[in-house]
Amino acid sequence: ARGVREVAALPDPVGTVLEAWTLPNGLRVEKRRVPLGVVGVIYEGRPNVTVDAAALAVKAGNAVLLRGSRLAERSNAALVRVLQEAGAKAGLPEGAVQGLSPTREAARALMRARGLVDLLIPRGGADLIETVVRESQVPVIETGIGNCHVYVDAAADLDKALRILLNAKVQRPGVCNAAESFLVHREVAAAFLPRALEVLAAHGVVVYGDEETRRLAPAGLSVLPATEEEYRAEFLDLKIAARVVGSLEEAVDHIATYGSRHTEAIVSEDPEAARRFAEAVDAAVVMVNASTRFTDGGEFGMGAEIGISTQKLHARGPMALPELTTYKFVVLGSGQVRE
C-alpha cells in the first residue's frame, strides 16, 4: 500500500513533451509521451509484483494483464479484487486491471495475443524468461537473471570493499541484484581474501574459488573449486564464486564472459580506474563503491519497478513509469502543405 501511494505521488509521465522544435515553414513538432496500451506481466513467486505492476502500468495510462504463479494464486486473486474495486471507485475503465489464471494455457494465450497486447514483461527465473522470449509473438522486454559481480580493485579501500561485498551477497541473497561472484586484484588479494573468506564463512556463505583464492584461504576454511558452472551461476542462495585477476581489464573480460548485463560493481579509490570500469563494462547498472543491492526502482527514487531490464532496446535497468510509455510526434500547423 505504501508503494502504491509513492507511485501515485510521482509526476504523471503521459503527455510530457520530451522535445519540441519549430521548422522554417512554421510547423511545430512535439515529441510527447503516450501510454504503451495493454501490458502483460508473467511472473513467479512474490505477490507484491501484482501490486507494483498494476500501480505502475495504470499510472502510465496502460491496462495491465497479470498472470502470477500457482504459489501465490489466492493472494494474487485477493489483491486483484482490491485493485479492481479501488480502480472502479477512482473512475478507472472497467478491465484496466485484470488477473489471469496461473496456468500454462493462460500464459500461452498471453504470448499469442499479438495485436491485443502491446508489451509482455516476464519476471522470474531463467527458465521462465527464456521461454517467454523464445515463444512470445508479442514484443517482450527481457528482465534478466542477475549474475552480478563485485570487483575489488588494486586501489580499493579494503574495509569498504568488505562491507560492500558482504551486503551484496548476504543482505538478501535470493534476489537478482545480489552478488553471485567477486573478483579481487592480485595486488590486494593476500590482504583482502583471508578476511573476506572468514567473514563470508561466518555468515554461512559457501565460496567456490580458483586455485589462487583457495591457496589464500585461512587454515581450516574450505573453499570449493570453481568451474565454469559456478562462474555462470545465478545462485540465489548463500553461495558465491571468487577469482583473483591480474588487472582491471581481466576483471572486465571475466564479466563480459560470465555476466548477465544486470549490475556490476567496482570498489576503488582511483577515479580513473572507476571511470575505465564504468565505461568498459556492458551492464544495465554499474555501481562505483556501492552495493549491487541498490539496483532497484524504489532505491533509485522511481517508486516501485515493474522489472529490471537487461536488454538494450527501449528500456534498460529498473523499469518505472517512463519505461511504460512510448511516444508519438504531434505536428501543429496552420494550413501548411508540402510542395
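Just above, that's the structure.
Residues numbered from 1 in each chain as written. Predicted model: local features only at pLDDT ≥ 70, side-chain atom pairs only at ≥ 80, totals over all residues. Heavy atoms only, no water.

J.: How should the packing of helix α1 (residues 2-9) against helix α2 (residues 48-59) be read in this particular structure?
T.: The description of two helices packed together rests on the angle between their axes and the distance between the axes. Two elements in contact, α1 and α2, have axes whose closest approach is 10 Å; the angle formed by their N-to-C orientations is 15°. If you check the angle between α1 and α2, you find them roughly parallel. Considering the relative orientation of α1 and α2, their crossing is right-handed. Taking contact as the criterion, the partners of Val4, Val7 and Ala8 in α1 are, on α2, Val51, Ala55, Leu56 and Lys59. Here the residues of the contact of α1 with α2 sort into six nonpolar, no polar and one charged. (Axes fitted to C-alpha atoms, helices over the stretch in contact; angles between N-to-C directions. Helix = DSSP H or I, 4+ residues; strand = E, 2+ residues; numbered from the N terminus. Parallel < 35°, antiparallel > 145°, perpendicular 65-115°, else oblique. Left-handed = near helix turned anticlockwise from the far one by under 90°. Contact = heavy atoms within 4.5 Å. Nonpolar A, V, L, I, M, F, W, Y, C, P; charged D, E, K, R; others polar.)

J.: What exactly am I supposed to notice about the pairing of strand β11 (residues 239-245) here?
T.: On any regular strand, side chains alternate: one points to one face of the sheet, the next to the other face. With five of seven residues buried, β11 is to be regarded as a mostly interior element. Direction of pairing for strand β8 (residues 179-185) relative to β11: parallel, over a ladder of five bridges. The partner of valine 184 across the bridge, within β11, is valine 244. The sheet contact formed by strand β9 (residues 206-209) and β11 spans four bridges and is parallel. Along β11, the bridge assignment pairs tyrosine 208 with alanine 241. (Buried < 20%, exposed > 50% of the residue type's maximum accessible area, 1.4 Å probe, protein only. Pairing = 2+ DSSP bridges.)

J.: What's the story with unusual backbone geometry in this structure? I'm lost.
T.: Backbone geometry follows two general trends: most residues other than glycine have a negative phi, and most peptide bonds adopt the trans configuration. Positive phi is not limited to glycine here, since arginine 261 has a value of about 65°. Residue asparagine 289 is not a glycine yet carries a positive backbone phi of 55°. Relative to the helices and strands, asparagine 289 resides in the loop between β13 (285-288) and β14 (307-309).

J.: Just checking my understanding: could you explain the layout of surface pockets for this structure?
T.: Over the atoms, a rolled probe matching the size of one water molecule traces out where space is still vacant. The calculated volume of the largest pocket comes to roughly 880 Å³. Contributing to the lining of the largest pocket are 35 residues, with Arg46, Arg123, Val175, Asp296 and Glu305 lying nearest its centre. Elements with a contribution of two residues or more to the lining of the largest pocket: α1, α2 and β14. Among the elements that line the lining of the largest pocket, the one with the most residues is α2, at three residues. Forming the boundary of the second largest pocket are 18 residues, of which Val4, Ala55, Leu83, Ala86 and Gly87 lie nearest the centre. Secondary-structure elements contributing two or more residues to the lining of the second largest pocket are α1, α2 and α3 (73-90). Partitioned by chemical class, the residues of the lining of the second largest pocket number 15 nonpolar, one polar and two charged. (1 Å grid on protein atoms, 1.4 Å probe; cavity = no way out; pocket = protein on both sides within 12 Å on 5 of 7 lines; lining within 4 Å. Points joined across faces, edges and corners; volume = space filled by probe spheres on them.)

J.: Sorry if this is basic, but what is going on with a nonpolar patch on the surface here?
T.: On the surface, a cluster of nonpolar side chains totalling about 530 Å² of accessible area is made up of Leu18, Trp21, Leu23, Tyr327, Phe329 and Val331. In this structure, tyrosine 327 sits in strand β16 (residues 325-332). Tyrosine 327 sits in the partly exposed class, given a relative accessible area of 43%. (Patch = residues over 30% accessible without salt bridge, like charges linked within 9 Å, V, L, I, M, F, W, Y side chains within 5 Å. Areas by Shrake-Rupley, 256 points an atom, 1.4 Å probe, with all protein chains shown as cover. Salt bridge = Lys/Arg side-chain N within 4 Å of Asp/Glu carboxyl O.)

J.: It is not clear to me how the packing of helix α10 (residues 248-258) against helix α11 (residues 271-280) should be interpreted in this structure. Could you clarify?
T.: Relative to each other, α10 and α11 sit at 25°, their axes nearing to 10 Å. For the element pair α10 / α11, the angle class is roughly parallel. For the element pair α10 and α11, the recorded crossing hand is right-handed. Two secondary-structure elements touch here, α10 through Leu248, Glu249, Val252 and Ile255 and α11 through Ala273, Arg276, Phe277 and Ala280.

J.: Sorry, what's going on with the sheet that holds strand β1 (residues 17-22) here?
T.: Within a sheet, each strand pairs with its neighbour through backbone hydrogen bonds, oriented either parallel or antiparallel. If you walk across this open sheet you meet the three strands as β1-β2-β16, and the pairing is antiparallel. With partners counted over all chains shown, the strands left at the sheet margins are β1 and β16, one partner each. The sheet shows a mean angle of 20° between the axes of neighbouring strands, taken without regard to direction. As defined by bridge partners, β1 adjoins strand β2 (residues 28-35) across five bridges and the pair is classed as antiparallel. Bridging across to β2, tryptophan 21 finds its partner in valine 29.

These results come straight from atomic positions and should not be treated as a statement about function.
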